[in-house]
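# Chains, contacts and geometry: an overview
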Amino acid sequence: MTNRIASLLATWFGCGLIPKGPGTAGALGGLLVAYLVPVSPWILTAIFLIPGIWAADVHARVTGRKDPQDVVIDEVLGQWITLAAAVHTTTWQAWLLAFVLFRLFDIAKPWPIRRVEKLPGGYGIIFDDLLAGVFGAVVMRVAGWNNLY
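The following refers to the structure shown. Keep in mind that this is a model prediction, so the values were computed, not measured.

We now examine helix H1 (residues 2–10). Burial in H1 covers these residues: Ala 6, Leu 9 and Ala 10. End-on view of H1: buried residues confined to an arc of 100°, all on one side of the axis. Just downstream of H1 lies Trp 12, where phi reads positive at about 50°.

The following block contains the structure:
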């Protein structure tokens, strides 16, 4: 039962099971929850961070893979961090820019993001995407200050 709960959370309720682009599906799943749940993305991140690390770690051990592609709770958390930095969160442009920026940094993994992947277990799975979220958040904030969205 514990493994099933961990897998459910790690795959963000099945988003990670989509065969093409599970990370993109996870990020979109995170945006959907952020849209539907009337709390700050910072609060969502705080609520799901520790359970997410646990779930990613358990799922990786159960599947025998270091960083399983179907684990997308990391994309969800990173996406929320980028979105939380939006100055104007009510515009569709802000949501689109947050999505694009997070996916860009998540896929490109500029230094030091790639290094963070080497952390053990769930920490390595989650923290590289958190850092990608921070990179996206910085760009989001600067773009917002300059009224670019």
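So, about the nonpolar core. Grouped together as the largest cluster of nonpolar side chains are 41 residues, with contacts concentrated most on Trp 12, Ile 73, Trp 80, Ile 126 and Met 140. Looking at this core, the elements with two or more residues in it are H1, helix H2 (22–36), helix H3 (41–63), helix H4 (73–84), helix H5 (92–108) and helix H7 (121–145). When neighbours within four sequence positions are excluded, Met 140 is seen to be in contact with Thr 82, Ala 85, Ala 86, Ala 94, Leu 97, Ala 98, Leu 101 and Tyr 149.

Attention shifts here to the pattern of salt bridges. Pairing is possible between side chains of opposite charge, provided their charged atoms come close. The final tally for this structure, using the stated rule, is seven salt bridges. For Asp 106, the salt bridge goes to Lys 109, with nearest N and O atoms at 3.1 Å. With respect to class, Asp 106 is no different from Lys 109; both count as buried. One connected set of salt bridges, linked through shared partners, spans Arg 103, Asp 106, Lys 109, Asp 128 and Asp 129.

At a closest axis distance of 8 Å, the pairing of H5 and H7 adopts a crossing angle of 135°. Here H5 lies oblique to H7, going by the angle between them. The chirality of how H5 crosses H7 is right-handed. The segment H5 lies against H7, with Ala 94, Leu 97, Ala 98, Leu 101, Phe 102, Phe 105 and Asp 106 engaging Asp 129, Ala 132, Gly 133, Phe 135, Gly 136, Val 139, Met 140 and Ala 143. Here the residues of the contact of H5 with H7 sort into 11 nonpolar, two polar and two charged.

In this section: H5. Taking 1.5 Å per residue, 17 residues should reach 24 Å; H5 reaches 24 Å between its end C-alpha atoms and fits that length. For H5, every residue scored as buried is listed here: Ala 94, Trp 95, Ala 98, Phe 99, Leu 101, Phe 102, Arg 103, Phe 105 and Asp 106. In this fold, the buried residues of H5 make contact with H2, H4, helix H6 (113–116) and H7. Following H5 by one or two positions, Lys 109 has its phi on the positive side, about 45°.

Let us look at unusual backbone geometry. A cis amide bond links Trp 111 to the next residue, Pro 112, at an omega of 5°. Assignment of secondary structure puts Pro 112 in the loop between H5 and H6. The phi dihedral of Asn 147 falls on the positive side, at around 50°, and the residue is not glycine. Structurally, Asn 147 can be placed in the segment after H7.

What counts, and where the lines are drawn
Residues numbered from 1 in each chain as written. Predicted model: local features only at pLDDT ≥ 70, side-chain atom pairs only at ≥ 80, totals over all residues. Heavy atoms only, no water. Buried < 20%, exposed > 50% of the residue type's maximum accessible area, 1.4 Å probe, protein only. Helix = DSSP H or I, 4+ residues; strand = E, 2+ residues; numbered from the N terminus. Arc of directions from axis to C-beta. Core = buried A, V, L, I, M, F, W, Y, C linked by side-chain atoms within 4.5 Å. Contact = heavy atoms within 4.5 Å. Salt bridge = Lys/Arg side-chain N within 4 Å of Asp/Glu carboxyl O. Axes fitted to C-alpha atoms, helices over the stretch in contact; angles between N-to-C directions. Parallel < 35°, antiparallel > 145°, perpendicular 65-115°, else oblique. Left-handed = near helix turned anticlockwise from the far one by under 90°. Nonpolar A, V, L, I, M, F, W, Y, C, P; charged D, E, K, R; others polar. Expected span 1.5 Å × (residues − 1).

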